[in-house]
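The chain contents come next:
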Amino acid sequence: MPTRRSVFVVDDDPSMLMGIKRLLRFHGFHSMLFGSANAVLTHDDFGDALCFIFDIDLNGESGFELCRCLVDKGIRLPVIYITGNDSEANRAAAIGSGCIAYLTKPFAALSLMEPIEKVRAAA
């Protein structure tokens, strides 16, 4: 059975995608980068996916809705939500969805890597 090592990252900010990609690579993870919810929904291979990182506000799309769509398709993986627009409503929705982390941009590298490392250790 192959080791799941890819982290799927969805953010509409190209600089955020590249920063997360570099951080993940430094820690030994492969990343799949997507600039929109639709790009993930049309992707067809989640076989090596370890977890998802979803921006909550995806240029008019919702990271929460993206997560629900993937679950409806039978794709259930740990989720980390990131946002530049922290609010009590976003925080409550993220925690209520069962995410493994909720991070407000800018966030420390360690705060992103800790939950990913926990998922890898449990896999």
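Conventions used here
- The numbering scheme is per chain: residues are counted from 1 as the chain's sequence reads.
- Whole-chain, interface and lining totals are the exception, using all residues; otherwise, since this is a predicted model, local features are given only for residues with pLDDT of at least 70 and side-chain atom pairs are given and counted only at 80 or more.
- Heavy atoms throughout the structure, all of them, feed into the side-chain values; hydrogens and water do not.
- Basic side-chain nitrogens of Lys or Arg form a salt bridge, by our definition, when they fall within 4 Å of a carboxyl oxygen of Asp or Glu.
- Labels follow the DSSP assignment, with helices taken as runs of H or I lasting at least four residues and strands as runs of E lasting at least two, numbered in each case from the N terminus.
- Strands are treated as partners if at least two bridges between them are detected by DSSP.
- Whenever a helix is involved, its axis is fitted only over the stretch in contact; in every case the axis is a line through C-alpha atoms, and angles between N-to-C directions fall within 0 to 180 degrees.
- Note on definitions: a residue-residue contact is assigned when non-hydrogen atoms from the two residues lie within 4.5 Å.
- Any two cysteine sulfur atoms within 2.5 Å of one another count as a disulfide.
- Under the scheme applied here, a residue whose accessible area is under 20% of the maximum for its type counts as buried, over 50% as exposed, and between as partly exposed, the area being computed with a 1.4 Å probe on protein chains only.
- A helix is expected to span 1.5 Å for every residue after the first.
- Note: the arc covers the axis-to-C-beta directions of the helix.
- Polar contact is the term for a pair of N or O atoms within 3.5 Å; when the atoms are in protein, one must be able to donate a hydrogen and the other to accept it, and sequence-neighboring residues count only if both atoms are side-chain atoms.

Enquirer: What exactly am I supposed to notice about the pattern of salt bridges here?
Expert: Pairing between side chains becomes possible if they bear opposite charge and their charged atoms approach one another. Scanning all chains against the criterion turns up 5 salt bridges. For the salt bridge of Arg120 with Glu117, the shortest nitrogen-to-oxygen distance reads 2.7 Å. Of this pair, Arg120 and Glu117 are both found in helix H5 (residues 109–122), 3 residues apart, which corresponds to roughly one turn of the helix.

Enquirer: I would appreciate a short explanation of the sheet that holds strand E3 (residues 49–55) in the present structure.
Expert: Sheets are built from strands paired through backbone hydrogen bonds, the pairs being either parallel or antiparallel. Spatially, E2-E1-E3-E6-E7 is the arrangement adopted by the 5 strands of the open sheet, whose pairing is parallel. Edge positions in the sheet fall to strand E2 (30–34) and strand E7 (101–104), since each has one partner strand and no second. Between one strand axis and the next, the sheet turns by 20° as a mean value, whatever way the strands run. Relative to E7, strand E6 (residues 79–83) runs parallel, the two sharing 4 bridges. Note that in E7 the partner of Thr83 across the bridge is Thr104. Here helix H1 (residues 14–26) sits on the sheet in contact with strand E1 (6–10), E2, E3 and E6, set at roughly 170° to E2. Contacts from helix H3 (residues 63–72) reach E1, E3 and E6, with the element oriented near 150° to E3.

Enquirer: Would you mind going over the state of the cysteines with me for this structure?
Expert: Should the sulfur atoms of two cysteines be covalently bonded, the bond is a disulfide. Within this structure, the stated rule accounts for 0 disulfides. Cys51 forms no disulfide, and the closest cysteine sulfur to it belongs to Cys99, at a distance of 12 Å. For Cys51, a relative accessible area of 0% puts it in the buried group. Just so you know, Cys67 is unpaired, no disulfide at all, and the nearest cysteine sulfur is the one on Cys99, 9.0 Å from it. Given the relative accessible area of 16%, Cys67 is considered buried.

Enquirer: Even after reading the chapter, I still don't get H5, so can you show me in this structure?
Expert: An α-helix turns once per 3.6 residues; consequently, residues spaced three or four apart project the same way. A rise of 1.5 Å per residue sets the reference length of H5, with its 14 residues, at 20 Å; its end C-alpha atoms lie 20 Å apart and thus fit the reference within 8%. Looking at H5, one finds that the buried residues are Leu112, Met113, Pro115, Ile116 and Val119. Buried residues of H5, viewed axially, fall in a sector of 165°; they line one side. Opposite the buried face of H5, by more than 90 degrees, sit the exposed residues Leu110, Lys118, Ala121 and Ala122. Among the structural elements, E1, H1, E3, E6 and E7 are those in contact with the buried residues of H5.

Enquirer: Help me understand the side chain of Asp11 in this model?
Expert: With respect to the helices and strands, the residue Asp11 is situated in the loop between E1 and H1. Residue Asp11 is classed as buried on the basis of its relative accessible area of 0%. At 2.9 Å, the side chain of Asp11 forms a polar contact with the backbone nitrogen of Asp13. At 2.9 Å, the side chain of Asp11 and the side chain of Lys105 are in polar contact.

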